[in-house]
Amino acid sequence: MSWQIAKDVNDGRRNLNLSDWPVNDPKRATKKLEDMSEQIGYGEMPLKKYTLIHAGARLTESQRKELTDWLDAEASRLKSLVPK
């Protein structure tokens, strides 16, 4: 079980490491926000195997919408900063 948890954490960091957020790269940050919105919107996140153990991590449709709305708005805001 601990190996699976370590693998999940490492996979998560590879996909989204907030310590390595592209603060000076709005194009890359926009892409990350759009990817997060898509995964949450499609119900891919949080992972099912995680929510089976941690019921409190399950998102309601309202919470899912609130998160995706914020992510989409922030992605739009950042897009306006990308030089053309």
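As a starting point, this report considers the structure included with it.

Scoring rules and cut-offs
Residues numbered from 1 in each chain as written. Predicted model: local features only at pLDDT ≥ 70, side-chain atom pairs only at ≥ 80, totals over all residues. Heavy atoms only, no water. Patch = residues over 30% accessible without salt bridge, like charges linked within 9 Å, V, L, I, M, F, W, Y side chains within 5 Å. Areas by Shrake-Rupley, 256 points an atom, 1.4 Å probe, with all protein chains shown as cover. Salt bridge = Lys/Arg side-chain N within 4 Å of Asp/Glu carboxyl O. Helix = DSSP H or I, 4+ residues; strand = E, 2+ residues; numbered from the N terminus. Buried < 20%, exposed > 50% of the residue type's maximum accessible area, 1.4 Å probe, protein only. Polar contact = N/O pair within 3.5 Å; in protein donor to acceptor, adjacent residues only side chain to side chain. Axes fitted to C-alpha atoms, helices over the stretch in contact; angles between N-to-C directions. Parallel < 35°, antiparallel > 145°, perpendicular 65-115°, else oblique. Left-handed = near helix turned anticlockwise from the far one by under 90°. Contact = heavy atoms within 4.5 Å. Nonpolar A, V, L, I, M, F, W, Y, C, P; charged D, E, K, R; others polar.

**Examining a nonpolar patch on the surface**
Line of reasoning, step 1. Together, Met 1, Ile 5, Val 9, Leu 52 and Ile 53 make up a nonpolar patch on the protein surface, roughly 580 Å² of accessible area in all.
Line of reasoning, step 2. Secondary structure elements with two or more residues in the nonpolar patch: helix H1 (2–15) and helix H3 (48–53).
Line of reasoning, step 3. Mapped onto the elements of the fold, Ile 53 is located in helix H3.

**Regarding the pattern of salt bridges**
Line of reasoning, step 1. As enumerated under the stated definition, the model contains nine salt bridges in all.
Line of reasoning, step 2. Ionic pairing is found between Asp 11 and Lys 7, a salt bridge with its closest N-O pair at 2.7 Å. Taken together, the residues span about one helical turn, with Asp 11 and Lys 7 both in helix H1 at a distance of four residues.
Line of reasoning, step 3. Residue classification places Asp 11 among the partly exposed positions, given a relative accessible area of 23%.
Line of reasoning, step 4. Through salt bridges that share partners, Lys 7, Asp 11 and Arg 14 make up one connected network.

**Considerations on the environment of Lys 49**
Line of reasoning, step 1. Among the secondary structure elements, Lys 49 is positioned in helix H3.
Line of reasoning, step 2. According to the relative accessible area criterion, Lys 49 is partly exposed, its value standing at 40%.
Line of reasoning, step 3. A distance of 3.1 Å separates polar atoms of two side chains, one belonging to Lys 49 and the other to Asp 8.

**Points about the packing of helix H2 (residues 26–41) against helix H4 (residues 61–79)**
The geometry of a pair of packed helices is captured by two quantities: the angle between their axes and the separation between those axes.
Line of reasoning, step 1. Contact geometry of H2 with H4 gives a least axis separation of 9 Å together with a crossing angle of 160°. Between H2 and H4, the interaxial angle falls into the category roughly antiparallel. Relative to H4, H2 is oriented so that their crossing is left-handed. When H2 is examined against H4, the residues Pro 26, Ala 29, Thr 30, Leu 33, Glu 34, Met 36, Ser 37, Ile 40 and Gly 41 are found in contact with a partner set consisting of Arg 64, Leu 67, Thr 68, Trp 70, Leu 71, Asp 72, Glu 74, Ala 75, Leu 78 and Lys 79.
Line of reasoning, step 2. Per-class residue counts for the contact of H2 with H4 are 10 nonpolar, four polar and five charged.

Bear in mind that shape data such as this cannot, by itself, settle questions of function.
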